[in-house]
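Chain residues, written in single-letter form:
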Amino acid sequence: MAEYTFGDSALAAERLGHLDSVFGPSTDELLLLCTDRPGRVADLGCGPGWTTTRLGARYPTASLTGIDASEAFVDLARTSVPVATFVVGDVTQPLPGAPFDLIYARFVLAHLHDAPAAVANWTAALAPGGSLVLEETEHISTDDPDFSEYEALVRRRVGITGAQVYAGSLIRADLPSRLEVVVDRVLAVDLTAADAAAMFRRNLEAWGSDAIDQGLVTKSGCADLLERLRARESDNTRGCFDWTHRQLVARTTH
């Protein structure tokens, strides 16, 4: 089963809450561009249910299914979004409950070693006229020493699995011929240093011990970076990043 690179601990779930607070507004805007009224919606890599909540708000009459490899996250999602059905499953395999009228995935391809194969699998699970809605990071660069050190480490951590952390560039690659692109846009992400540090610090705490075991960082180096990130969580400086985020909506043509 495909596993979430950054773990499924309580701290990882908390980090996903911070991530949703940053990216949730642009997700809501993207869903507004999806003008159809789907009857059946799947949220892939749903985690603790943050994205499922947003899908439910956008499509209150739809039947919602969240699918995630983590039993711990699915248990949290069942509590936070009781109107949805949640399944522990591998999103790289045939999707339980298919076909769907809309399939949504945010920051999922970045954890999969074969993104085109995953997109093909998801496309096969769409009903005729159904929509695939994807969001992924396109690019992050920074001159800030704390954040650049973290970004270099996370690229190595994800790269070990064969995945590509900046998967936004992969979304358009090898799209199945059955799909017609409806929306394809790249947004600039303007977040504070505090927003970034809050996500990065919790992320590193969640998988830092694994990175040490893998020889990606020393124990002292990890502790030092964690301390520096923690200190930045009150830093409201903007302009620390060149950070872009790709959103795509594609509809089946038959």
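All values derive from a computational prediction rather than experimental measurement.

Undergrad: So what's going on with the packing of aromatic side chains? Which residues, and what values?
TA: In this structure the tally under the stated criterion is nine aromatic pairs. Ring centres of Phe23 and Trp243 lie 6.2 Å apart, and the angle between their planes is 45 degrees; this geometry places the pair in the tilted category. In this pair, Phe23 sits in helix H1 (residues 10–32) while Trp243 sits in strand S7 (residues 241–252), placing the two residues 220 residues apart along the sequence. Since its relative accessible area comes to 3%, Phe23 is described here as buried.

Undergrad: Give a description of the sheet that holds strand S1 (residues 40–44) that names residues and reports values.
TA: Taken in spatial order, the seven strands make up an open sheet running S3-S2-S1-S4-S5-S7-S6, and their pairing is mixed. Sheet topology places strand S3 (85–88) and strand S6 (179–188) at the edges, where each strand pairs with a single neighbour. Strand-to-strand twist of the sheet, defined as the mean angle between neighbouring strand axes without regard to direction, takes the value 15 degrees. When S6 meets S7, the two strands line up antiparallel, connected through nine bridges. Looking at S7, one finds that Val181 is bridged to Ala250. Strand contacts of helix H3 (residues 71–80): strand S2 (63–68) and S3, with the helix running at about 175 degrees to S3, the strand carrying the most contacts.

Undergrad: Lay out the nonpolar core with the relevant residues and their values.
TA: Counting 32 residues, the largest nonpolar core has Phe147, Tyr150, Phe200, Leu204, Trp207, Phe241 and Trp243 as the members making the most contacts within it. Of all the secondary structure elements, the ones that give two or more residues to this core are H1, helix H5 (145–159), helix H6 (193–213), helix H7 (219–231) and S7. Ranked by residue count, the leading element in this core is H6, at eight residues. Each residue touching Phe200, except ones within four places of it in the same chain, is listed here: Phe147, Tyr150, Glu151, Leu229, Phe241 and Trp243. If you look at the next biggest cluster of nonpolar residues, it comprises 26 residues, including Val108, Leu109, Ala115 and Leu175.

Undergrad: Describe the pairing of S3, listing the residues and the values that go with them.
TA: Successive side chains on a regular strand alternate, one facing one side of the sheet and the next facing the other. Examined bridge by bridge, S2 and S3 share four bridges and lie parallel to one another. Bridging across to S3, Ile67 finds its partner in Val87. A crossover connection joins S2 to the parallel S3 through H3; in handedness this β-α-β unit is right-handed.

About the cut-offs
- Residues numbered from 1 in each chain as written.
- Predicted model: local features only at pLDDT ≥ 70, side-chain atom pairs only at ≥ 80, totals over all residues.
- Heavy atoms only, no water.
- Phe/Tyr/Trp six-rings, centres within 6.5 Å; stacked < 30°, edge-to-face > 60°.
- Helix = DSSP H or I, 4+ residues; strand = E, 2+ residues; numbered from the N terminus.
- Buried < 20%, exposed > 50% of the residue type's maximum accessible area, 1.4 Å probe, protein only.
- Pairing = 2+ DSSP bridges.
- Axes fitted to C-alpha atoms, helices over the stretch in contact; angles between N-to-C directions.
- Contact = heavy atoms within 4.5 Å.
- Core = buried A, V, L, I, M, F, W, Y, C linked by side-chain atoms within 4.5 Å.
- Right-handed = clockwise from strand over helix to strand, strands pointing away.

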